[in-house]
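In case you want the letters, here they are:
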Amino acid sequence: MRTFWKLTAISMQSHLYYRTSFFINLLSPVALLGGQYLLWAALYAQQEGGAIGGMERAEMFTYILLAFAMSNLLNWAGENTLAREIKTGLVVARCVRPAFFLTQYMAQMLGTLLTQGAVNLLLVFAGFACFGKYMTVPSVSALIAFVPCLLLAVALRLLMIDVFSLLCFFTTGYLGIAWTRAALFDFFSGAMIPVALFPGWLKTAACCTPFPYMLQVPVAVLLGQETMAGFGMPGIYGLQIVWILVFLALHVILYGLARRNLTIAGG
Amino acid sequence: MIEARELRKVYKVNHKQPGLKGAFANLFHAEWEQKVAVDGLSFQMEQGRALACIGENGAGKSTLIKMMIGILTPTAGEIRVFGTDPRRGGRGYLRRIGVVFGQKTNLWTDIPVIESYQAVKTLYRLDEGMFRKNYDRVVELLALQPLLSVPARKLSLGQRMRADIGMVFLHSPELLFLDEPTIGLDINVKHTIRTFLRQMNEETGTGIFLTSHDLDDIDEICDDAIVLSGGRLIYDGTLDQLKHRFVQDKMIQVTGKQERDIRSLLPLARIIMEGRVVKIVYPVREYSSAEVLAAVSGCFAIEDITIEEPDIDEVVSRIFAGEGML
């Protein structure tokens with residue numbers, strides 16, 4: 001574990017080293033949150049206070065804030081670190097360090113999201129403190145159920161990014177892979193629009209992918225909404241764990257394949 | 001220490017047709033071909049030796065290193081380092097070796113160099129005494145003190161390479177793999193790195209496996225050499241033997257008064273007069289050095305004499321110009 005925490009600390013230190021870049025990366029997505037708020041405010045104004053897709057205004061604004069905080073745990077640069085290293089060949093440095101490849105990756109990503117996570121948590125508290133009366137405040141029991149769900153969601157998302165990044169060993173088009181991953185996540189996880197607003201068939205299709213378990217489901221648990229999976233909490237945790245195991249298996253397969261037919265940039 | 005037997009690595013590469021038409025055609029029908037990077041390679045390297053791997057671009061040098069450090073799987077054949085398969089050696093194996101790729105850094109780029117060194121201490125589970133001893137040594141020999149507080153991203157190429165080479169010695173590796181470690185560096189940095197590597201090889205017994213296009217690196221650091229061409233081994237032996245087998249001419253430079261015409265004694269030699277200095281270039285197949293020295297001492301009142309050693313540049317250019325297989 002000393003290795004893991006050392007690598008996590010290095011990752012955090014790397015993010016904090018360049019002050020301007022750190023603050024820009026940290027705060028620029030807040031503009032996106034503002035845009036989402038204005039969009040939904042306009043839509044609810046047209047509904048004259050009525051619900052949209054079964055979600056009341058207060059519930060939606062709470063959802064937007066929480067979904068933003070979870071979705072924004074990793075920025076574009078952070079998510080694509082491994083993919084970039086594979087494309088440039090710098091990944092070879094990871095391969096020769098005496099630590100598991102996945103351990104190094106998870107430690108690095110944890111370092112990235114811990115700093116952003118702390119800021120996002122402050123934003124959520126500030127949001128509830130300032131606008132709590134216009135929002136749905138979670139119950140304590142929901143909060144208790146949410147914490148493990150959040151941790152599993154984060155682990156699942158990191159592994160999903162890892163697997164997509166490993167695909168870069170087999171193609172030179174890492175941006176195409178990164179955009180595909182981002183599009184799938186943003187749409188099916190409920191980061192852009194709550195999955196609850198999808199038409200029935202699309203909701204069912206989304207339910208069969210791992211993406212809602214990275215965002216929509218944990219937020220629904222926190223807000224006390226019916227989760228689209230329709231399972232109780234043990235079932236939800238179980239499904240998240242199953243998806244984690246699927247991605248772990250994919251990691252092992254892809255990493256093994258890469259080592260058999262690997263060409264690293266630069267010889 | 002290293003033992004390779006019939007080692008072979010074949011890559012599958014996408015063969016694309018030329019031109020726009022070919023680019024479109026490739027979208028719907030990919031043609032794959034097999035590229036043999038390493039072909040039936042067998043060689044050994046003993047503990048503590050410094051072995052150079054010489055070859056043109058694409059000869060299979062980097063692929064060979066990647067198989068030896070365990071990140072690439074051979075298509076066929078067997079490789080054993082310290083008696084085990086590098087792919088199965090895991091973290092224990094990685095703790096016994098060091099790897100430096102000249103075009104890629106092992107440092108964490110966004111934190112000061114000293115922080116990367118501290119990370120090595122944790123990753124390699126070094127005790128404070130061992131770490132401090134190695135740290136002090138590399139900082140002194142590579143003059144790293146001014147670089148320690150600077151992030152690797154802000155270092156020049158030469159500074160970064162010194163820091164990379166220093167880092168790889170912190171865990172006292174038994175065997176070091178160096179892939180083009182001096183590429184793009186200026187002459188002073190090259191000299192510092194070569195001197196350091198040779199010193200560490202001699203003093204600590206660290207084995208060195210080096211690939212380089214800079215033949216001065218090879219000459220100054222290594223004792224033995226293997227030569228690859230098209231993935232195949234065409235020479236395995238000492239560097240001295242390699243030089244002598246491929247050198248056709250040698251040169252003796254004499255300063256002093258000529259008392260007798262040396263041409264009559266060495267009719268097949270080329271004599272170049274440069275004032276009081278006479279250069280005698282002689283074919284090694286016709287004359288031994290002893291014969292030439294005897295002739296020189298009979299013809300000159302010698303003030304100074306220099307025997308030019310064969311140059312590895314010349315050897316390698318002859319090998320790859322196809323002037324003979326070994």
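All of these numbers come straight from a predicted model, not from anything done at the bench.

Take the overall build of chain B next. Regarding its fold elements, chain B presents 11 helices and 13 strands. Based on the C-alpha atoms only, the size of chain B along its principal axes is roughly 70 × 60 × 40 Å. For chain B, buried positions account for 51% of its 326 residues. Considering only intrachain contacts with a sequence separation of at least 6, the fraction spanning at least 24 residues in chain B is 72%. By element, 48% of the accessible surface of chain B is carried by carbon and sulfur atoms, the whole surface being about 14900 Å². With 41 positive and 45 negative side-chain charges, chain B shows a separation of 7 Å between the mean positions of the two kinds.

When helices and strands are tallied, chain A shows 13 helices and zero strands. Each helix and strand of chain A, placed in order from N terminus to C terminus, yields the pattern α-α-α-α-α-α-α-α-α-α-α-α-α. Summarising its shape, the C-alpha atoms of chain A cover approximately 65 × 40 × 35 Å along the three principal directions. Out of the 267 residues belonging to chain A, those deemed buried represent 52%. Taking all contacts inside chain A whose residues are at least 6 apart in sequence as the whole, residues at least 24 apart take part in 73%. About 12200 Å² of surface is accessible on chain A, with carbon and sulfur atoms providing 72% of the total. Separation of charge centres in chain A, based on 14 positive and 8 negative side chains, amounts to 17 Å.

Our next topic: the packing of helix α3 (residues 29–46) of chain A against helix α4 (residues 57–71) of chain A. All names here are of chain A. Remark: α3 packs on α4, axes separated minimally by 10 Å, with the N-to-C direction vectors making an angle of 165 degrees. It follows that α3 is roughly antiparallel to α4 by the angle criterion. As α3 packs across α4, the resulting crossing turns out to be right-handed. Between α3 and α4, the residues in contact are Pro29, Val30, Leu33, Gln36, Tyr37, Trp40, Ala41 and Tyr44 and Arg57, Met60, Phe61, Ile64, Leu65 and Phe68, respectively. When the residues that make up the contact of α3 with α4 are grouped by side-chain class, the tally is 12 nonpolar, one polar and one charged.

So, about the sheet that holds strand β11 (residues 270–274) of chain B. In a beta sheet, neighbouring strands are held together by backbone hydrogen bonds and run either parallel or antiparallel to one another. All names here are of chain B. One open sheet accounts for four strands, arranged β11-β12-β10-β13; its pairing is antiparallel. Two strands close off the open sheet at either side, each with one partner strand: β11 and β13 (300–308). Taking each pair of neighbouring strands and ignoring which way they run, the sheet shows an average axis angle of 20 degrees. Looking at chain direction, strand β10 (residues 249–258) and strand β12 (residues 277–283) are connected through seven bridges and run antiparallel. Bridge pairing links Ile252 to Ile280 in β12. Packing against the sheet, helix α10 (residues 289–299) makes contact with β10, β12 and β13, and its axis sits at approximately 155 degrees to β13.

What follows covers the interface of chain A and chain B. Each partner contributes to the interface: chain A provides 29 residues, whereas chain B provides 35 residues. Taken together, both faces of the contact between chain A and chain B bury some 3000 Å²; the carbon and sulfur share is 61%. For chain A, the biggest contributors to the area lost against chain B are Val96(A), Pro98(A) and Arg259(A); these three give 23% of the whole. There are zero salt bridges connecting chain A and chain B. On inspection of chain A and its partner chain B, the count reaches two residue pairs in polar contact (both at pLDDT 80 or more). Only α1 (2–17), α7 (91–95) and α13 (233–260) of chain A provide two or more residues apiece to the side of chain A that touches chain B. Among the elements that line the side of chain A that touches chain B, the one with the most residues is α1(A), at eight residues. Counted by class, the side of chain A that touches chain B contains 15 nonpolar, nine polar and five charged residues.

Assigned domains within chain B: domain 1 (2–243) and domain 2 (248–309). Averaged C-alpha coordinates put domain 1 of chain B and domain 2 of chain B at centres separated by 42 Å.

Right, let's talk about the pairing of β10(B) for a bit. Looking at chain direction, β10(B) and β13(B) are connected through eight bridges and run antiparallel. Residue Met251(B) lies in a different strand from β13(B), and its bridge partner there is Glu308(B).

This part takes up the pairing of strand β7 (residues 207–211) of chain B. Residue and element names in this part refer to chain B. In terms of burial, β7 is a largely internal element, five of the five residues being buried. Neither face of β7 is exposed, since Gly207, Phe209 and Thr211 on one face and Ile208 and Leu210 on the opposite face are all buried. Sheet analysis places strand β3 (residues 50–55) next to β7, joined by four bridges and oriented parallel. Bridge pairing in β7 places Ala50 opposite Ile208. In this sheet, β7 lies alongside strand β6 (residues 175–179) in parallel orientation, the contact comprising five bridges. Considered in β7, the bridge of Leu178 is made with Leu210. Traced from β6 through helix α7 (residues 187–204) to β7, the parallel crossover comes out right-handed.

Attention now moves to helix α5 (residues 128–141) of chain B. Residue and element names in this part refer to chain B. Counted at 1.5 Å a residue, the expected span for α5 with its 14 residues is 20 Å, and the 20 Å between its end C-alpha atoms agrees. Residues of α5 that are buried: Phe131, Asn134, Tyr135, Val138 and Val139. Taken end-on, α5 shows its buried residues confined to a sector of 130 degrees, consistent with a single buried face. Seen from the open side of α5, the exposed residues pointing more than 90 degrees away from its buried face are Gly129, Lys133 and Glu140. The inward-facing, buried residues of α5 contact α4 (113–123), α6 (157–168) and α7. Ala143 sits one or two residues past α5 and shows a positive phi near 50 degrees.

On the surface, Leu167(A), Phe170(A), Val242(A), Val246(A), Leu250(A), Ile253(A) and Leu257(A) cluster together to form a nonpolar patch covering roughly 530 Å² of accessible area. With respect to the helices and strands, the residue Val242(A) is situated in helix α13.

Our focus in this paragraph is the confidence of the model for chain A. Per-chain confidence: chain A averages 86 in pLDDT, with 96% of residues scoring 70 or above. When mean pLDDT is compared element by element in chain A, helix α9 (residues 140–166) of chain A scores highest at 93, while helix α2 (residues 19–27) of chain A scores lowest at 78.

Basis of the calculations
Residues numbered from 1 in each chain as written. Chains lettered and ligands numbered in written order. Predicted model: local features only at pLDDT ≥ 70, side-chain atom pairs only at ≥ 80, totals over all residues. Heavy atoms only, no water. Helix = DSSP H or I, 4+ residues; strand = E, 2+ residues; numbered from the N terminus. Buried < 20%, exposed > 50% of the residue type's maximum accessible area, 1.4 Å probe, protein only. Contact = heavy atoms within 4.5 Å. Areas by Shrake-Rupley, 256 points an atom, 1.4 Å probe, with all protein chains shown as cover. Lys, Arg positive; Asp, Glu negative; His and termini not counted. Charge placed at Lys NZ, Arg CZ, Asp CG, Glu CD. Axes fitted to C-alpha atoms, helices over the stretch in contact; angles between N-to-C directions. Parallel < 35°, antiparallel > 145°, perpendicular 65-115°, else oblique. Left-handed = near helix turned anticlockwise from the far one by under 90°. Nonpolar A, V, L, I, M, F, W, Y, C, P; charged D, E, K, R; others polar. Pairing = 2+ DSSP bridges. Buried area = accessible area lost by both parts, 1.4 Å probe. Salt bridge = Lys/Arg side-chain N within 4 Å of Asp/Glu carboxyl O. Polar contact = N/O pair within 3.5 Å; in protein donor to acceptor, adjacent residues only side chain to side chain. Domains from an automatic or database assignment. Right-handed = clockwise from strand over helix to strand, strands pointing away. Expected span 1.5 Å × (residues − 1). Arc of directions from axis to C-beta. Patch = residues over 30% accessible without salt bridge, like charges linked within 9 Å, V, L, I, M, F, W, Y side chains within 5 Å. pLDDT = per-residue confidence, 0-100.

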